[in-house]
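Residues per chain, in single letters:
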Amino acid sequence: MKNLPYFCRGEVVRGFGRGSKELGIRTANFSEEAVDSFPSDLSTGIYYGWGCIGTGDVHKVVLSIGWNPYYKNVKKSVETHIIHTFNEDFYGEVLSIIIVGYIRPEQNFDCLDALIAAIQHDIDEAKNLLDLPEHQKFKDDNFF
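Note that the coordinates shown come from a computational prediction; the quantities given were computed from them, not determined experimentally.

Let's talk about the sheet that holds strand β6 (residues 94-104)
(1) Moving on: Taken together, six strands build a closed barrel; the order of strands is β1-β2-β5-β4-β3-β6 and the barrel is antiparallel. Within this sheet the neighbouring strands show an average axis-to-axis angle of 40°, counted without direction.
(2) Moving on: Bridge analysis of strand β3 (residues 45-53) against strand β4 (residues 59-66) gives seven bridges, and the strand direction is antiparallel. Looking at β4, one finds that Tyr48 is bridged to Val62.

Points about the side chain of Thr80
(1) Moving on: Tracing the chain through its elements places Thr80 in strand β5 (residues 77-82).
(2) Moving on: The residues contacting Thr80, other than those within four sequence positions of it, are Arg26, Thr27, Ala28, Phe30, Val61, Val62, Leu63, Leu95 and Ile97.

Focus: the pairing of β4
(1) Moving on: The element β4 is largely enclosed, with a buried count of eight among its eight residues.
(2) Moving on: Where β3 hands over to β4, the hairpin turn is made up of five residues, of which Gly54 adopts a positive phi near 55°.
(3) Moving on: Note that β4 and β5 share six bridges and pair antiparallel. Each residue of the ladder has a partner; that of Ile65, found in β5, is Val78.

Brief notes about the pattern of salt bridges
Close approach of charged atoms allows side chains with opposite charge to pair.
(1) Moving on: Following the criterion strictly, the structure yields three salt bridges and no others.
(2) Moving on: Between Asp131 and Lys60 there is a salt bridge; the shortest N-O distance is 2.7 Å. A residue pair is termed long-range when its members are at least 10 positions apart, and Asp131 in the loop between α3 (112-129) and α4 (133-136) and Lys60 in strand β4 qualify at 71 residues.
(3) Moving on: For Lys60, a relative accessible area of 18% translates into the label buried.

Calculation criteria
Residues numbered from 1 in each chain as written. Predicted model: local features only at pLDDT ≥ 70, side-chain atom pairs only at ≥ 80, totals over all residues. Heavy atoms only, no water. Pairing = 2+ DSSP bridges. Helix = DSSP H or I, 4+ residues; strand = E, 2+ residues; numbered from the N terminus. Axes fitted to C-alpha atoms, helices over the stretch in contact; angles between N-to-C directions. Contact = heavy atoms within 4.5 Å. Buried < 20%, exposed > 50% of the residue type's maximum accessible area, 1.4 Å probe, protein only. Salt bridge = Lys/Arg side-chain N within 4 Å of Asp/Glu carboxyl O.

This is the structure in structure tokens:
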């Protein structure tokens, strides 16, 4: 994709509360202002990259940009899943991400289980792709 890598930083805000509760997959959600700053020609879908909270360690991330058709959102959102186990919430903290690749377009699902299976597949794919040298180099970028 021509807009990648894409660098973004913004405050983590409360989302719909579905990531942890319904999906078992925690996400950090950008504010509306941060979402509105994304390039309009950046396709909706599932992406992967690197991210950190505040000045913390840099971790692999997978993120969804779009309207989440399964939930029929009316507002575009950017929801980042940091592939790391955190014991605390980080609302109000600054999330910095570098999006380095695209996995797939967003799609609708017949049931919650199918959505969860797709997200798990996306996480596995992101982990593998981020091990490639051309993506690994962004982990140490001065942006963080």
